[in-house]
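Here are the chains, one letter per residue:
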Amino acid sequence: MGRRDAAWQDDETVRYYLDSVRAAIPFAAEQVAVMLRLVEQGRLPVSRFLDVGCGDGFLSAVMLRAYPGAEAVLVDFSEPMLDAAKARLGERVPAPVLVTADLATPSWLDAVAKRAPFDAIVSGFAIHHLEDGRKRGLYGELLALLAPGGAFVHDEHVAPEAAWIARAFDDGMIDAVWDHGRRDRPALTREESAAAYANRADREANRLAPLEAQCDWLREAGFVDVSAPFRWYALAVFGGYRAL
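Notes on the structure in this doc start here. (Residues numbered from 1 in each chain as written. Predicted model: local features only at pLDDT ≥ 70, side-chain atom pairs only at ≥ 80, totals over all residues. Heavy atoms only, no water.)

Right, let's talk about the overall build of the chain for a bit. A tally of helices and strands in the chain yields 9 helices and 7 strands. Its C-alpha atoms give the chain a radius of gyration of 17 Å, near enough to 18 Å, the size a compact globule of 244 residues would have. In the chain, 75% of the contacts between residues at least 6 apart in sequence involve partners at least 24 apart. Here the chain displays about 11000 Å² of accessible surface, and carbon together with sulfur accounts for 52% of that area. (Helix = DSSP H or I, 4+ residues; strand = E, 2+ residues; numbered from the N terminus. Rg over C-alpha atoms; globule rule 2.2 N^0.38 Å. Contact = heavy atoms within 4.5 Å. Areas by Shrake-Rupley, 256 points an atom, 1.4 Å probe, with all protein chains shown as cover.)

See below:
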């Protein structure tokens, strides 16, 4: 089992990420708003969507608030994450489809292809765990799963183009994690938050790629109107559409 696999199959790692990192991400509401606006520019109404690397189902919950009654298909290879998604979305009607599959190989398509085409595909902080060559292959696979006019929208951790961007991102994230953690632990110090953030088990699983390169890979795969309307240091919202 590789570092990526071990990190995301561990309950403690998943819980720290969900409670301390993902919950503290700066400008989360703005990122969600931009993602929904990009989806709105695609094929409407959204009656079926795919959440790739769904984690605990946060983005699916957002999509289902915007498109009540839509069929949601969620894919992840982490059993703890899928358990969290089930807990979040288990009462939804129609019930979301939860699929255990690993994006690291094209065989993940076998589990979802029969449910295609999708009116929209979303992904949040998942694809950056794949090697660059696999990212490029996945983008082509996602295009093939979309209905004509459908949107692929991605909220992602991207490679900083300069050392100062990496430092600013880490400082901003540590401040956010510290501020979030003090709600439950008032005595928590910034140094403690910084150490926990720096030593988190999933960090070495990251395989970051520059935003501009990934936009180019989307275009090479066949996506049109590719754009990146949100950027905060090493976070970005970007995506494109399948041509009509």
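The description of two helices packed together rests on the angle between their axes and the distance between the axes. Interaxial distance between helix 3 (residues 28–40) and helix 4 (residues 58–66) falls to 11 Å at its minimum, and their mutual angle equals 55°. Taken together, helix 3 and helix 4 sit at an angle that is classed as oblique. For helix 3 against helix 4, the interelement crossing comes out right-handed. Mapping the contact onto sequence places V32, M35, L36 and V39 in helix 3 and F58, L59, V62, M63 and A66 in helix 4. Looking at the contact of helix 3 with helix 4 residue by residue, the class counts come to 9 nonpolar, no polar and no charged. (Axes fitted to C-alpha atoms, helices over the stretch in contact; angles between N-to-C directions. Parallel < 35°, antiparallel > 145°, perpendicular 65-115°, else oblique. Left-handed = near helix turned anticlockwise from the far one by under 90°. Nonpolar A, V, L, I, M, F, W, Y, C, P; charged D, E, K, R; others polar.)

Of all 12 residues in strand 5 (residues 146–157), 11 are buried; the element is thus mostly enclosed. Here strand 4 (residues 118–124) runs beside strand 5; their pairing, made up of 6 bridges, is parallel. Each bridged residue has a counterpart across the sheet, and for A120 the counterpart in strand 5 is A151. For the handedness criterion, the β-α-β arrangement of strand 4, helix 6 (residues 132–145) and strand 5 is classed as right-handed. Direction of pairing for strand 5 relative to strand 7 (residues 235–241): antiparallel, over a ladder of 7 bridges. (Buried < 20%, exposed > 50% of the residue type's maximum accessible area, 1.4 Å probe, protein only. Pairing = 2+ DSSP bridges. Right-handed = clockwise from strand over helix to strand, strands pointing away.)

One open sheet holds the 7 strands; their spatial order is 3-2-1-4-5-7-6, and the pairing between them is mixed. Each edge of the open sheet is held by one strand with a lone partner, namely strand 3 (97–100) and strand 6 (224–232). Between one strand axis and the next, the sheet turns through 15° on average, direction left out of account. Bridge analysis of strand 2 (residues 71–76) against strand 3 gives 4 bridges, and the strand direction is parallel. If you follow V73 over to strand 3, its bridge partner there is V97. Seen against the sheet, helix 5 (residues 79–89) touches strand 2 and strand 3 and runs at an angle of roughly 175° to strand 3. The sheet strands contacting helix 6 are strand 1 (48–52), strand 4, strand 5 and strand 7, and the helix crosses strand 5 at an angle near 145°.

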